[in-house]
Every structure is written in structure tokens, then in C-alpha cells.
Amino acid sequence: MGPVFSLSVHASYRCRHSGVCCSSDWDVPVGLTVYKSLDEALRMGSLQAAAGGGPPLITEGVPEDEAAMVARTASGDCVFYHRSSGLCVIHRDLGAAELPSTCRHFPRLAVRDARGTFISLTHYCPTAAACLFESEAPIQIVASPPAFPPGDYDGLHVEPDAWPPLLHPRMLMDLDGYTAWEYHMVSRCAEPGTSPETVLATLERDARRLRTFTPGDSTLAKAVAALPRSHVDGLAHATLEASLAHHAQVMAAVPEELKPERDEVGLAESYRRLVAPEWGTWHRPLTRYIAAKAFANWTAYQGRGILSIVRGLDAALALVRVEAARQCRDARRVLDAGLLREAIRGADFALNHLAVGEELASAWSEVEDAANLNTSEPEHERRTENPEG
Ligand code: SF4
């Protein structure tokens, strides 16, 4: 299974029983082994549903490779969710080992490849989102994180003989080279005082330079190490226009039955008046959020190059802007920590739980066709290189 890695800010994650994952009207499939043991516990009386009147485990019309689905109440709570205590009664009465696999793994989002297991979290979970604000740890990739012991985590499992990520559509990376790029993306996010826009502008410049790499005497990992130390200044967005375009692209990757109703009235105004003036206060959690999207990145395997990865990071930040505008509009107040945390939750809900990953990767990969391999300079005309980096 190999070693396990996570980001430092997630390394001590622990469920705080917010109950969000148990009350989101989600399908919770139950595999055969867990089904047998839950069924017996229900028959013996050592387990009882906390809500709902019907059978707690539904066995009709379930996916082929599952034995049952957990029933839900009319309001979308899992029937094993004990609302007043915020506890799962399976976890409370039988222990974590008896939980359906989905529940044991949420909010973990793993990538397993020949190097090991890389675990990020979906910040739709409020506790995971809080990690971006609360942790004092400098952002970096850490091995053997205490929160994630070695195990078989759900997520993207890359077969040992599968291709490594692409540098660009005409060249594969070797895994050492990809590791160097992954660490590089996270280390850009760790530069103190850097704005999220500067992180993205710098990564775009770096990705474009790296695309010009040709195998010869050197290695891709050395080419990553030789990238300029300077950064590219990215300007904060004065308007929401570009972010709404990213948002529309993400929504296009959401299946029809899951698409939320369009809700954009007043967002541009809310962003300009309530979000933009406060955005600079929140660089630290925002750059950490970008690091969390760069690390254990699925687009690396599903997309067609490293510019696609950067485009996905751009989209993630854009979604936070849009959700922040929505939060501030609804709360009628300027952006604060609580509203930003909700905005980040909303962004990850769309990216990790609504949109289809392969479709996002395909849309973001269009940037690879537009990019000219002979130029290493960013296209964004508002960005300027800062040699003081
Ligand atoms: S089985 Fe337990 S952990 Fe899973 S959704 Fe239901 S209440 Fe939550």
C-alpha cells in the first residue's frame, strides 16, 4: 500500500461530529460484510435506528456491487444519525469498524499511485474547512500523518502499470518529476504573505516554463528545482466576471439531476462591495486552500498536463469568490472568517460532490491546446514578474 502523505494542516484532522455528512441527503451504500453485521445487530437489538419508521437498510434497487443502502428520513437525515447528540448510532454502539465504507472515509479524498497514498480532504466538511483557518502548522506535505494510518482509502486508485501524469499532451512525466512538481506547487502556497492570485500567476508561469523541458542530460525533477525563485504578481480581482465564467464551466460538469438552481442575482455587486475589500485579510486560508487542491490532485491523472492542473486551481479559487459573494449577499455583511469558511465549503461541494471529475479535467485541459509550447510566459496581461520574489 506504500507510505501515506497529507498536508500538514490536515495531518491532525479528527471528526468533530458536525453531522453535515449524515444529514446531506446522500446515498450511503453498504457492502456485503458490513450489511451482514449491521443486519444481525439490528435483529439482536444491539443497534437501533435513531430516526425513520421503515427498515433502516434498503436492499431493493441497490447498485450491483453493494448489498444495501442506508435509509433516510424525509428531511434527508441518515436514519442512524442521532440529531440531538450529533452522533452516529452505528459508530456509538458498534464502533467505527462497523461503519459503511463511505462514512469511514469521508471527508478523505485519496489518490493512490505507485508512490503511496496521498490524502486530501473535502472542505465541504466544516471541520476540514476549519483546519485551513486554525492550524498553526506551516503548509507542507508530511509523511505518516497521525490522522491517517496506513489503510485502503477510497479515492482515485491508479493501477501500477497506468501512465504517470502528463507534462503536456505530448509528454509523460516520470514519477520523480511529478513528485517534484507537486511539492513545488505546495511550497509556492507556503510563501509567507503571498496572495492566492500571486500563487496562481506564479504557478502558471512555472508550468509554462516546465512545458519547454526536453529530456536529455537533465531530469524533470532538476528542471523543477531550477524554476525561478521569483514570483509573478497576480492582482486581486476587482470584479466577479472571470470567476463567474469558471463557475459556469464547473456547473456544466454537474449532472442534470444534481444541478443547483441558478442563483446569481446581486452577486457581482455583493462581490464588489462586501468581498473584494476584505479579500486581502484572508490570504492565509485561501493559499492553504489552493495547496489542498494542488496536493493529491486528480486532474494530474485525469487531465492532459500541468497547465490543466493550474487551471483547476484557478477554478477552485474562482468558486470561492462566487460562493463568498453569495454568502455575503445573503448575510448582508462583509466577508469574515465564518462566511469565508462557508464559501470554501460551497466551493468544495460543487467540485467534489456535484461535478464529474473527468469532465472537469477535460474542460480544464482545453488550456493545453491553446498553450504554445514555444513560449514560457503567462498569458495574463495583468501580471508582472517580481524578481524580489
Ligand atoms: S451511517 Fe452513521 S456516519 Fe454514515 S451517514 Fe449514517 S449516521 Fe452518518
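Above this text you will find the structure in question.
All of the points below concern the structure found in this document. The written sequence of each chain sets the order in which its residues are numbered from 1. At least 70 in pLDDT is required for a residue's local features to be given in this predicted model, at least 80 for side-chain atom pairs to be given and counted, and no such filter applies to totals for whole chains, interfaces and linings, which use all residues.

As for the nonpolar core
- Counting residues in each nonpolar core, the largest one holds 109 residues, and the members touching the most others are Ile290, Leu319 and Val320.
- Note on conventions: DSSP H or I runs of at least 4 residues are helices, E runs of at least 2 residues are strands, and numbering of each starts at the N terminus. It is helix H12 (residues 306-331) that provides the largest number of residues to this core, a total of 15 residues.
- An automatic or database domain assignment supplies the residue ranges for each domain. Viewed by domain, this core spans two of them, domain 1 (29-99) and domain 2 (163-386), each represented by three or more residues. Connectivity within a nonpolar core runs through C-beta atoms within 7 Å, and the core itself is a set of buried Ala, Val, Leu, Ile, Met, Phe, Trp, Tyr and Cys residues. Three exposure classes are used, all based on how many other C-beta atoms lie within 10 Å of a residue's own C-beta (placed from the backbone): buried at 20 or more, exposed at 12 or fewer, and partly exposed between those limits.

Things to note about the environment of serine 85
- Looking at the element boundaries, serine 85 is found in the loop between strand S5 (81-82) and strand S6 (87-88).
- The class for serine 85 is exposed, based on 12 C-beta atoms found within 10 Å.

Remarks on the pairing of strand S8 (residues 116-121)
- Most of S8 sits inside the fold, with five of its six residues counted as buried.
- We call two strands paired when DSSP finds no fewer than two bridges between them. Bridge count between strand S1 (residues 4-7) and S8: three bridges; the pairing is parallel. Among the inter-strand pairings, serine 6 is bridged to a residue of S8, identified as isoleucine 119.
- Inspection of the sheet shows strand S7 (residues 108-113) paired to S8 by six bridges, in the antiparallel sense. Of the residues in S8, the one forming a bridge with arginine 112 is threonine 117.
- The loop that links S7 with its antiparallel partner S8 comprises two residues.

Here's the deal with the sheet that holds strand S9 (residues 141-143)
- Pairing is mixed in the open sheet, where five strands are placed in the order S9-S1-S8-S7-S10. In the strand order of this sheet, the two ends are held by S9 and strand S10 (155-157), each with one partner. Across the sheet, the mean angle from the axis of one strand to that of its neighbour is 20°, orientation sign disregarded.
- Bridging between S7 and S10 involves three bridges; their strand directions are parallel. Orientation is described by lines fitted to C-alpha atoms, with helices fitted over the stretch in contact, and by angles between N-to-C directions that extend from 0 to 180 degrees.

Some details on the site of the ligand
- By nearness alone, 13 residues border the ligand, and Cys22, Cys78, Tyr81, Cys88 and Cys103 come closest of all.
- Side-chain classes follow a simple rule in which Ala, Val, Leu, Ile, Met, Phe, Trp, Tyr, Cys and Pro form the nonpolar group, Asp, Glu, Lys and Arg form the charged group, and the remainder, Gly included, forms the polar group. When the residues that make up the shell around the ligand are grouped by side-chain class, the tally is twelve nonpolar, one polar and no charged. Only the C-beta atom matters for nearness: placed from the backbone, it must lie within 6 Å of the molecule or strand for the residue to count as near.

With respect to the packing of helix H5 (residues 175-189) against helix H6 (residues 196-210)
- Remark: H5 packs on H6, axes separated minimally by 9 Å, with the N-to-C direction vectors making an angle of 150°. Of the possible angle classes, the one that applies to H5 and H6 is roughly antiparallel. Where H5 crosses over H6, the handedness of that crossing is right-handed. Facing H5, whose interface residues are His184, Met185, Arg188 and Cys189, H6 presents Val199, Thr202, Leu203 and Asp206.
- Taken together, the residues of the contact of H5 with H6 sort by class into four nonpolar, two polar and two charged. Working rule for angles: under 35 degrees goes down as roughly parallel, over 145 as roughly antiparallel, 65 to 115 as roughly perpendicular, anything else as oblique. By convention, the crossing between two helices is left-handed when the near helix turns anticlockwise from the far helix through less than a right angle, and right-handed when the turn is clockwise. In this description, any two residues whose backbone-derived C-beta atoms lie within 7 Å of each other are considered to be in contact.

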